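Understanding the architecture of this molecule
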Amino acid sequence: MQRLCRRRCVLTQIVAFRSKVLLCMMSSNKQGASENNLLEKLKVSSQVVLETAQKKGRSKCPKCNGSRMFYCYTCYVPVESVPTVDIPTVKLPVKIDIIKHPNETDGKSTAPHAKLLAYEDVSMYTYPCIPDYDKQIHEVVLVFPGPNAVPLKDGLQYLAQYNQKKDFPEPNIKRPRLDIDKSDDEDKTMKGTGENIKYLKKVVFIDSTWNQTNKIISDERLQGLVSVELTEQKTCFWRHQKGKPDTYLSTIEAIYYFMMDFHMQILERDYNGEYDNLLFFFSFMYKLIRDAKKAAGKL
């Protein structure tokens, strides 16, 4: 009787284990399919130029002569084997500052993609070098999922309220989560979100691993900025950090999704791939790494 019970117990454990493995596989396949669908639906320019460069191997940077693949991540220009005319240019509706952690490896960061593809609208800084936002504090938002972060519409509403009211209180250095007055009259005024666009002059992103962000985000020069959060999206980044949720995005993904939210929520326009080319390099690299893993039997 005892042996029978033990056998049943072992069988139950085996069944439970197999079920758990099956669920994990299904979840993994579902996520992989979701990622593939996203990247395959992108309206990006022809990537033949990258395919050709990939076959040739590393090439020289025309500025520093460094050996690179596709582009130079310190000079923010394509290498000699990638003609500049074949790289798409993205025009952004708002200027961007990227503040990079000094220990962030340049070659592993996706932030250079933004500078390469939207050169005129993106500025790069390496911490502790941070622009002086004191005179622009009510024209700038920081994209970071902190405890005080608010949705994009609420962040712009705050900027509009401050700029429309001379007696609006100066924000605290460590401002608590915004409590925006939703009175009927004001709500009607603020529903025209397009009117609030003129108050937003710049968007700040932090480029670092999630474990390195504390040093930058706690800098007093950023404390007065309104923090906004993105709608929940899952990363496709191949260097996903262990122990972190899959909603933690790479820098170029965060910029891309912010622009999508801005386009649909603030400009109130249908999205037709206007900023898909921000993922021009990202999507190509993703496919390369995915194919390499498949060939090695790791997928």
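If you're wondering where the values come from, they're calculated on a predicted model, not measured in any experiment.

A few words now on the pairing of strand β5 (residues 95-100). Summarising burial for β5: five of the six residues are buried, a large majority. Summarising the sheet, β5 and strand β9 (residues 202-207) pair through six bridges and their orientation is parallel. Residue pairing for β9: D97 is matched across the bridge by V204. Taken together, the five bridges between β5 and strand β6 (residues 122-126) define a ladder with parallel strand orientation. Each residue of the ladder has a partner; that of I96, found in β6, is V122. Handedness of the crossover joining β5 and β6 through helix α3 (residues 111-117) is recorded here as right-handed.

Taken as a whole, this structure holds seven aromatic pairs when the rule is applied. Their ring planes at 90° and their centres at 5.5 Å tell us that F70 and F284 sit as a pair that is edge-to-face. Linking F70 in the loop between β2 (67-68) and β3 (71-72) with F284 in helix α8 (residues 280-295), this pair joins segments that are 214 residues apart in sequence. The class for F70 is buried, based on a relative accessible area of 5%. Residue F284 is classed as buried on the basis of its relative accessible area, which comes to 6%. The side chain of R68 reaches across the aromatic face of Y73, ending 4.3 Å from its centre. Taking the ring centre of Y119 as reference, the NZ or CZ of K115 above it sits at 4.0 Å.

A complete count under the given rule lists zero disulfides for this structure. Sulfur of C72: no disulfide; nearest cysteine sulfur belongs to C61 and is 3.7 Å away.

The next subject is the environment of Q223. Position of Q223 relative to the elements: it lies in the loop between α6 (213-217) and β10 (226-229). Remark: the alpha-carbon pair of Q223 and I137, spanning 86 residues in sequence, is separated by 9.8 Å. From its side chain, Q223 meets the backbone oxygen of D219 in a polar contact 3.2 Å long.

Before going further, it helps to examine helix α2 (residues 48-56). In an α-helix there are 3.6 residues to a turn, and that puts residues three or four apart on one side. Regarding α2, the residues found buried are V49, L50 and A53. For α2, the arc enclosing every buried residue in end-on projection is 95°, short of the 170-degree limit, so these residues lie on one face. The inward-facing, buried residues of α2 abut α8. Looking at the residues trailing α2, positive phi occurs at G57, about 95°.

Evaluation of the coordinates by the stated rule reveals six salt bridges. When the shortest N-O distance is used, the salt bridge between D121 and K91 registers 3.1 Å. Residue D121 is found in the loop between α3 and β6, and its partner K91 is found in the loop between β4 (77-78) and β5; the two are separated by 30 residues along the sequence. Close ionic contact of K95 with D121 constitutes a salt bridge, the shortest N to O distance being 2.8 Å. Of this pair, K95 sits in strand β5 while D121 sits in the loop between α3 and β6, placing them 26 residues apart in sequence. The structure contains a network of salt bridges with shared partners spanning K91, K95 and D121.

Reading the values: the criteria
- Residues numbered from 1 in each chain as written.
- Predicted model: local features only at pLDDT ≥ 70, side-chain atom pairs only at ≥ 80, totals over all residues.
- Heavy atoms only, no water.
- Buried < 20%, exposed > 50% of the residue type's maximum accessible area, 1.4 Å probe, protein only.
- Helix = DSSP H or I, 4+ residues; strand = E, 2+ residues; numbered from the N terminus.
- Pairing = 2+ DSSP bridges.
- Right-handed = clockwise from strand over helix to strand, strands pointing away.
- Phe/Tyr/Trp six-rings, centres within 6.5 Å; stacked < 30°, edge-to-face > 60°.
- Lys NZ or Arg CZ within 6 Å of the ring centre and 35° of its normal.
- Disulfide = S-S within 2.5 Å.
- Polar contact = N/O pair within 3.5 Å; in protein donor to acceptor, adjacent residues only side chain to side chain.
- Arc of directions from axis to C-beta.
- Contact = heavy atoms within 4.5 Å.
- Salt bridge = Lys/Arg side-chain N within 4 Å of Asp/Glu carboxyl O.

Note that every value here comes from positions in space, so none of it alone points to a role or purpose.
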